[in-house]
Amino acid sequence: MQKRVAEMFAGVGGFRVGLESLNSGWDTVWANQWEPGKKVQHAYDAYVAHFGESKNHSNVDINKVDKNTIPDMDMLVGGFPCQDYSVANSGATGIQGKKGVLWWDIRDVIQAKFPPFVFLENVDRLLSSPGPRQRGRDFGMILYTLQQLGYGVQWRVINAADYGFPQRRRRVFIFAYRKDTNYYGEVAKHKNLKDVVLGDNPFNKRMPIKQTLTEVHEGTIDGYDDIVDFSNEFSFKFANTGVMHDSKIFTGKYQADYSGKVITLGDIMVDHAEDESLYLDQHEGQLKKFEYLKGPKRIPRKSASGHEYVYSEGGMAFPDVPERPGRTMLTSERSVNRSTHVVRDKGNGRLRMITPLEAERLNMFPDNWTDTGMPDRFRYFTMGNALVVGVIKAIGDGIDDIISKEGELADANQFEWHGEIEPVEHTEPMDLDI
Ligand SMILES: C[S@@+](CC[C@H](N)C(=O)[O-])C[C@H]1O[C@@H](n2cnc3c(N)ncnc32)[C@H](O)[C@@H]1O
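Residues numbered from 1 in each chain as written. Predicted model: local features only at pLDDT ≥ 70, side-chain atom pairs only at ≥ 80, totals over all residues. Heavy atoms only, no water.

1. A short note on the overall build of the chain
Here is step 1: For the chain, the count of helices and strands is 12 helices and 16 strands.
Here is step 2: Here the C-alpha radius of gyration of the chain, 22 Å, is about what a compact globule of 434 residues would show, namely 22 Å.
Here is step 3: Principal axes of the C-alpha set define a box for the chain whose edges measure 65 × 55 × 50 Å.
Here is step 4: Of the contacts made within the chain by residues no fewer than 6 positions apart, 72% connect residues no fewer than 24 positions apart.
Here is step 5: As displayed, the chain offers around 19100 Å² of accessible surface, 47% of which is attributable to carbon and sulfur atoms. (Helix = DSSP H or I, 4+ residues; strand = E, 2+ residues; numbered from the N terminus. Rg over C-alpha atoms; globule rule 2.2 N^0.38 Å. Contact = heavy atoms within 4.5 Å. Areas by Shrake-Rupley, 256 points an atom, 1.4 Å probe, with all protein chains shown as cover.)

If you want it as structure tokens, here you go:
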């Protein structure tokens, strides 16, 4: 089987860097990246700086891409935002999803190209979204549409630091496989879906888990009249790992089983940062601001409806502890913000923010990956959007094993899927208020 990859929402190329670092033949044949509303496209420019100009690197809104023009691929990859995936029936125009919701573009690519494998990343909140009023609906919608397209699905929430990587970044990774793959057949042989979670799957190879699952919960995505009924009614408590096979869902809460090497914030820090503007003592009042932001607080507040309440948050380590992995990096890294890292410089002991190079190292990108001409602010921004490359490499290694057991798979254009796929419009210039 070939290993052609298409990378959606490519950012600065985290999936590509991770897969290519395996040296196992992954070949990115198409990539799309577009930062909405920005004239200068820093992430895309960095992508091109590393991977070259190509007619198959596209810098347009994915919604505007004719999905049939995308080259054939064996795996589709991408990290996409958690949004509202509900749909509604709007009469003459048929079933509609909200405009600008990127899941529907992923779905369109799958439907146009039918890649044998799909590998996606999202924030862990996806599993409970949109929250208590209909917990699990949005992830359920992803499972429902993948089932309609003819795929089995496994997911796992992984905190990179649980496996020795240098950042406490928790994300959900989703692996889907077409019904005609050998792997789908292997999954089908299991009498119990729990064994799929605990057994041979792409997550367990390099990131093993303890054999006891808690909060086990089973269910189905079947039994709904149509996708609109599903959108209105489905609710499910998804735990941090699970599988959907032939409409059945199995989920449970796992614990990482790792006792290997650990990379800490201190390990990835430079010996000394030259840039004086990073130091808190160079900006009047900055130390005090950080002390306040990071400290514990109880603030009386009033909600829009006039309800009075006390907002409280605990204190956090200040400065950040070098003996532990870094915290989750956000796109706002280096702004005066509670979540920004503040470290003690190894050379002079003064408090400072992290350097762009340190931000790259927290994500395990090669040094100076974003030093491609973009302002520093965007070097942090693109890293806040990116992922821990080591996790992609680890899962990619597991996918390599699966692919080594596949025979010649039908190309998308030969794969015929006869299941029912309900069309969902999502390009109409209207936002549904559901
Ligand atoms: C979560 S980030 C993924 C980052 C990537 N995995 C990396 O390693 O850098 C999502 C990316 O999708 C891009 N994006 C957002 N809306 C888009 C759209 N309509 N079309 C194409 N790309 C979009 C953002 O600019 C951002 O870079």
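2. Some points on the site of the ligand
Here is step 1: The local shell around the ligand holds 18 residues, among which Gly14, Gln33, Trp34, Glu35 and Asp61 are the closest.
Here is step 2: Glycine 14 is positioned such that a nitrogen or oxygen atom in its backbone is 2.9 Å from an oxygen atom of the ligand.
Here is step 3: The contact in question runs from an oxygen atom of the ligand to an N or O atom on the side chain of glutamate 35, over 2.6 Å.
Here is step 4: Relative to its unbound accessible area of 600 Å², the ligand is 90% covered by the protein chains.
Here is step 5: Considered class by class, the residues forming the shell around the ligand number nine nonpolar, seven polar and two charged. (Near = heavy atom within 4 Å. Polar contact = N/O pair within 3.5 Å; in protein donor to acceptor, adjacent residues only side chain to side chain. Nonpolar A, V, L, I, M, F, W, Y, C, P; charged D, E, K, R; others polar.)

3. Some details on the side chain of glutamate 313
Here is step 1: Its location among the elements puts glutamate 313 in strand β14 (residues 308-313).
Here is step 2: Here lysine 297 takes part through its side chain, which lies 2.8 Å from a polar atom of the side chain of glutamate 313.
Here is step 3: A distance of 2.6 Å separates the side chain of glutamate 313 from the side chain of tyrosine 311, its partner in a polar contact.
Here is step 4: The residues touching glutamate 313, leaving out its near neighbours within four places in the chain, are Leu293, Gly295, Pro296, Lys297 and Arg338.

4. Here we look at the UniProt feature "active site" (unreviewed entry) in the chain
Here is step 1: UniProt's entry tags Cys82 with the feature "active site" (unreviewed entry), counted in the numbering of this structure.
Here is step 2: With respect to the helices and strands, cysteine 82 occurs in the loop between β4 (75-79) and β5 (87-89).
Here is step 3: Residue cysteine 82 is classed as buried on the basis of its relative accessible area, which comes to 15%.
Here is step 4: Excluding residues that lie within four positions of it along the chain, cysteine 82 makes contacts with Asn122, Val123, Arg125, Leu126 and Ser129. (UniProt positions renumbered as here; feature names shortened; annotations may be inferred. Buried < 20%, exposed > 50% of the residue type's maximum accessible area, 1.4 Å probe, protein only.)

5. What about the confidence of the model for the chain?
Parts of the model with low pLDDT should not have their predicted coordinates read in detail.
Here is step 1: Model confidence for the chain is summarised by a mean pLDDT of 94, while 97% of its residues fall at 70 or above.
Here is step 2: Of the regions scoring below 50 in pLDDT, residues 429-434 engages in 12 contacts with residues more than four places distant in sequence or in other chains. (pLDDT = per-residue confidence, 0-100.)

6. Thoughts on the environment of glutamate 358
Here is step 1: Here glutamate 358 shows up in helix α10 (residues 356-362).
Here is step 2: Taking relative accessible area as the criterion, glutamate 358 reaches 1% and is therefore assigned buried.
Here is step 3: Linking glutamate 358 and glycine 242, residues 116 residues apart in sequence, is a C-alpha distance of 34 Å.
Here is step 4: When residues no more than four places from it in sequence are discounted, the contact partners of glutamate 358 are Ile268, Met269, Val270 and Arg352.

7. Focus on the sheet that holds strand β10 (residues 214-220)
Here is step 1: Spatially, 10 strands are ordered β3-β2-β1-β4-β7-β9-β8-β11-β12-β10 in an open sheet, and the strand pairing comes out mixed. The two strands at the open ends of the sheet, each matched to only one other strand, are β3 (57-58) and β10.
Here is step 2: Examined bridge by bridge, strand β2 (residues 27-32) and β3 share two bridges and lie parallel to one another. Bridge assignment links alanine 31 to a residue of β3, and that residue is histidine 57. (Pairing = 2+ DSSP bridges.)

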